[in-house]
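Structural overview for review
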Amino acid sequence: MSKSSAMSIKIRLLAFAAFFAAAILAAPGVSHAQIVVMVNGSPITALDIEQRMKFERLTTRKNPSRDDVIKLLIDDRLKVFIGKRYGLDVSDSEVDQAVQNMAKRTQSTPAQLEHSLAQQGISINTLKAKVQADLSWSQLVRGRYGASLKIGDAEINSVLRSRGIDKTETVGYTYKLYPITVVVPRDASASTVDSKRRIAESLRSRFQTCNEGLRLARSVRDIVVREPITRNSAELNQQLQDLLNKLEVGHATQPEKTAGGFQMFALCEKKSSSTETAEKREIREEIFSKRFEERGKKFLDEVRRSAMIEYR
């Protein structure tokens, strides 16, 4: 091959390489022009900012500025970065579990939550990125400031006194209940419904101990005994508390008609316990939240001062 031919091939190869590199840089998600900020080597893109702005509008009902959103994203990148430095690498499964718990609180599934966000133009990854940062930061701050985040009763009682609130704790109970249902078909006649009612009342009257009563209930056709549930006084309204406090252990509540049939609850355990009043619990959470925020802000300021933050 002549020198001129070799030179020609080399020039064509260099031109192709230059064109290929330009094509890659112009591809969505790769363009350097889309990167707005680099935080310790982690990019924040224009798309990240756009998505987070939509998310903040949806969740806070406010209209944050672009600078405010960039600051939030920088903080999240720093929280994840410093968490990994301390060995706190939040896994995808932990994030997915947290998202699932959020969905449950709104009586929905993760898929429904994702669909709901998509309808607002928000990717589920925007939520997951925030959850990852929050989980990492919560673990890190609790681990770093654990002792100073503890709130003693003396501190709570002092706040209660300053607000003129009675600091006396109430005596409550923890109940172990077995849900029992005498099943009634949806299309049952009036006579069948009445017959099922009598069966339920008969079963209740024969409840003297849980062992015998539950054994009897499980032996009768069309009676379903579900897994036990545990509830404490603070979780029940006053009417239910009064009902269970008057009921002897080993007995069952009055059958009530539900969509599935006649339901009653067998009370199989009742333990007394001192429970915090709602006011005391609220103040404990209030003090903890304020202290956590103060410690977290101080720590994040330290992290930010030593961070490599480059605006493009």
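Residues numbered from 1 in each chain as written. Predicted model: local features only at pLDDT ≥ 70, side-chain atom pairs only at ≥ 80, totals over all residues. Heavy atoms only, no water.

Some details on the environment of Arg206
Selection rule: Only DSSP runs of H or I with at least four residues qualify as helices, and only runs of E with at least two residues qualify as strands; both kinds are numbered from the N terminus onward. Each residue is assigned to one of three classes by its accessible area relative to the maximum for its type, calculated with a 1.4 Å probe on protein chains only: buried under 20%, partly exposed between the two thresholds, exposed over 50%.
Within the secondary structure layout, Arg206 lies in the loop between α9 (190-205) and α10 (210-219). A relative accessible area of 54% places Arg206 in the exposed class. Residues Arg206 and Leu216, spaced ten residues apart in sequence, show a C-alpha to C-alpha distance of 8.9 Å.

Some details on the state of the cysteines
Defined as follows: Any two cysteine sulfur atoms lying within 2.5 Å of each other are counted as a disulfide.
Under the criterion given, the structure shown has one disulfide. Between Cys210 and Cys268 runs a disulfide, and the two sulfur atoms are separated by 2.0 Å. Between Cys210 and Cys268, the S-S dihedral sits near -100°, and the bridge is therefore left-handed. Pair noted here: Cys210 is in helix α10 and Cys268 is in strand β7 (residues 261-275), with a separation of 58 residues, a long-range link. One exposure class covers both Cys210 and Cys268, and it is buried.

Overview of the pattern of salt bridges
Put simply, the rule reads: When a carboxyl oxygen of Asp or Glu is within 4 Å of a side-chain nitrogen of Lys or Arg, the pair counts as a salt bridge.
This structure, assessed with the given rule, holds 18 salt bridges. Between Glu56 and Arg52 there is a salt bridge whose closest N-O contact spans 2.9 Å. On the criterion of helical spacing, the pair formed by Glu56 and Arg52 is a turn pair, its members being four residues apart in helix α2 (residues 46-60). With respect to burial, Glu56 and Arg52 carry one shared label: buried. Salt-bridge contacts for Asp75 lead to Arg304; the nearest nitrogen and oxygen are separated by 2.5 Å. Of the two residues, Asp75 sits in helix α3 (residues 66-85) while Arg304 sits in helix α12 (residues 278-305), which places them 229 residues apart along the sequence. Given a relative accessible area of 8%, Asp75 falls into the buried group.

So, the packing of aromatic side chains
Spelled out, the test is: Centre distance within 6.5 Å is the pairing criterion for rings of Phe, Tyr and Trp, where only the six-membered ring of Trp is used; planes under 30 degrees apart are then read as stacked, over 60 as edge-to-face, and the remainder as tilted. Lysine NZ or arginine CZ positioned within 6 Å of the ring centre and within 35 degrees of the ring normal marks a charge as sitting over the ring.
Applying the stated criterion to the full structure yields four aromatic pairs. Three or more aromatic residues joined by ring pairs form one cluster here, namely Trp137, Tyr145 and Phe299. Over the ring of Phe262 we find Lys257; its NZ or CZ atom is 5.8 Å from the centre of that ring.

Considering the nonpolar core
Filter applied, for reference: Residue types Ala, Val, Leu, Ile, Met, Phe, Trp, Tyr and Cys, when buried and joined through side-chain atoms within 4.5 Å, form a set referred to as a nonpolar core.
In terms of nonpolar packing, the biggest core is built from 22 residues, with Val37, Ile44, Ile49, Ile74, Leu78, Trp137 and Phe299 touching the most fellow members. Judged by nonpolar contacts, the second largest core, of 18 residues, contains Phe207, Cys210, Leu214 and Phe262.

A few points about α12
Inclusion rule: Given a helix with a known number of residues, its expected span is that number minus one, times 1.5 Å. In what follows, a contact means two residues having at least one pair of non-hydrogen atoms within 4.5 Å.
Look at α12: 41 Å from first C-alpha to last across 28 residues, which is about the 40 Å you get at 1.5 Å a residue. If you check which residues of α12 are buried, you get Lys280, Ile283, Ile287, Arg291, Phe292, Gly296, Phe299, Leu300 and Val303. In the core, the buried residues of α12 are packed alongside α3, α6 (124-144), α7 (146-149) and α8 (153-162).

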